[in-house]
Structure formats: C-alpha cells, structure tokens
Amino acid sequence: MRYLPALGLLLILPTFAFASPPSDPAFYQEKGAFEISGTISKVESDEIEIARDGLPDAELEISKQHTKITVNGKPGQASQLTKGTPVRAKFQLDGDDIVAISIEAGAKAQ
C-alpha cells in the first residue's frame, strides 16, 4: 500500500504538464530554434499536432500573442490551419513543452 500515494501524485502531475506558453518575447526568437515539418493532423486554438513520416506525431503549443503563423505565404491565425495541410514549424523547448515560434502552412511549407 506504500505505492498508492505515489500513484495519486502521478495522476495529478499531468494536469500541470500543460502550463501556458512563456510570455517573454525573447523566448520566441527564431535564432537557435528547432525545426519540424510534416502534415497537420490536429488543430486546436492553442496547439497543433504534426504528423511526420516514420516518426510519432509532434504536439506544439501555440501562443496567440507570440507564435507567428503564415498560411500560403500570408499572415494567418490558428483558425486557418486545417488538417492535412503541409506544415513547417520552428519551436523552442520550455521544460517538457514544445512551443511553436512560427508555423508556415500550405504550399510554401514544402
């Protein structure tokens, strides 16, 4: 029975795993950012999931204030991102979270 408190802690921890993206604009610099490309497999107002060939899908957080989104080469919003669209994104790591710095979707993303 000594393991029950630890199990309870594991059930609580995931609720803290999705903290809000950093608010410091310096965090959102593209210099030194990682890059990923693939196809949009899921979109929500605050996150995007990218399917990649031979690799697990990657989930990136979107900051409404700081993530730069372009759709077909024009400034866009998360609501314009659609499932099945080619995408390339730059991101930074914030602990265990992957935070999108920029998202380029559409024909120009290939």
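From a predicted model like this one, the values you see are computed outputs, not experimental measurements. (Residues numbered from 1 in each chain as written. Predicted model: local features only at pLDDT ≥ 70, side-chain atom pairs only at ≥ 80, totals over all residues. Heavy atoms only, no water.)

A.B. asks: Describe in detail the overall build of the protein, supporting the description with residues and values.
C.D. replies: Helix and strand content of the protein: 1 helix and 7 strands. When the helices and strands of the protein are placed in sequence order, the string is α-β-β-β-β-β-β-β. The buried share of the protein, reckoned over its 110 residues, is 32%. For the protein, the share of sequence-separated contacts (at least 6 apart) that also reach a separation of at least 24 residues comes to 57%. Carbon and sulfur atoms provide 56% of the accessible area of the protein, an area that totals close to 7,300 Å². (Helix = DSSP H or I, 4+ residues; strand = E, 2+ residues; numbered from the N terminus. Buried < 20%, exposed > 50% of the residue type's maximum accessible area, 1.4 Å probe, protein only. Contact = heavy atoms within 4.5 Å. Areas by Shrake-Rupley, 256 points an atom, 1.4 Å probe, with all protein chains shown as cover.)

A.B. asks: Describe the packing of aromatic side chains, listing the residues and the values that go with them.
C.D. replies: A complete count under the given rule lists 1 aromatic pair for this structure. Between the aromatic rings of Phe-34 and Phe-91, the centroid separation amounts to 5.4 Å while the plane-to-plane angle is 25°, which identifies the pairing as stacked. Of this pair, Phe-34 sits in strand β1 (residues 34–44) while Phe-91 sits in strand β6 (residues 86–94), placing them 57 residues apart in sequence. Given a relative accessible area of 43%, Phe-34 falls into the partly exposed group. According to the relative accessible area criterion, Phe-91 is buried, its value standing at 12%. (Phe/Tyr/Trp six-rings, centres within 6.5 Å; stacked < 30°, edge-to-face > 60°.)

A.B. asks: Residues and numbers for the pairing of strand β7 (residues 97–105), please.
C.D. replies: A large share of β7 lies buried, amounting to 7 of its 9 residues. Relative to β7, β6 runs antiparallel, the two being bridged by 8 bridges. Counted as the bridge partner of Phe-91 is Ala-100 from β7. Connecting the antiparallel pair β6 and β7 is a turn made up of 2 residues, with Gly-95 showing a positive phi of about 65°. (Pairing = 2+ DSSP bridges.)

A.B. asks: Just give me the short version of the side chain of Ser-102, but keep the residues and values in it.
C.D. replies: Looking at the element boundaries, Ser-102 is found in strand β7. In contact with Ser-102, other than residues within four places in its own chain, are Glu-30, Thr-67, Lys-68, Arg-88, Ala-89 and Lys-90.

A.B. asks: Account for the pattern of salt bridges, with residues named and values stated.
C.D. replies: Going through the model one piece at a time under the given rule, you end up with 3 salt bridges. Between Arg-88 and Glu-104 there is a salt bridge whose closest N-O contact spans 3.7 Å. Placement of the pair is Arg-88 in strand β6 and Glu-104 in strand β7, with a sequence separation of 16 residues. Taken together, the salt bridges that share partners define one network made up of Lys-42, Glu-44 and Glu-47. (Salt bridge = Lys/Arg side-chain N within 4 Å of Asp/Glu carboxyl O.)

A.B. asks: Run through the nonpolar core, naming residues and quoting values.
C.D. replies: Core analysis: the largest hydrophobic core is formed by 17 residues, its most contacted members being Ile-48, Leu-60, Leu-81 and Ile-103. With residues near it in sequence (within four places) discarded, Ile-48 still touches Ile-40, Lys-42, Val-43, Ala-58, Glu-59, Leu-60, Ile-62, Leu-81, Val-87 and Ile-103. (Core = buried A, V, L, I, M, F, W, Y, C linked by side-chain atoms within 4.5 Å.)

A.B. asks: Give a description of the environment of Asn-72 that names residues and reports values.
C.D. replies: Assignment of secondary structure puts Asn-72 in the loop between β4 (68–71) and β5 (74–75). With a relative accessible area of 46%, Asn-72 lands in the partly exposed category. Considering only alpha carbons, one finds Asn-72 and Glu-104, 32 residues apart in sequence, at a separation of 7.6 Å. Beyond its immediate sequence surroundings of up to four residues, Asn-72 is in contact with Ala-105, Gly-106, Ala-107 and Lys-108.

Read these as layout, nothing more, since geometry by itself doesn't imply function.
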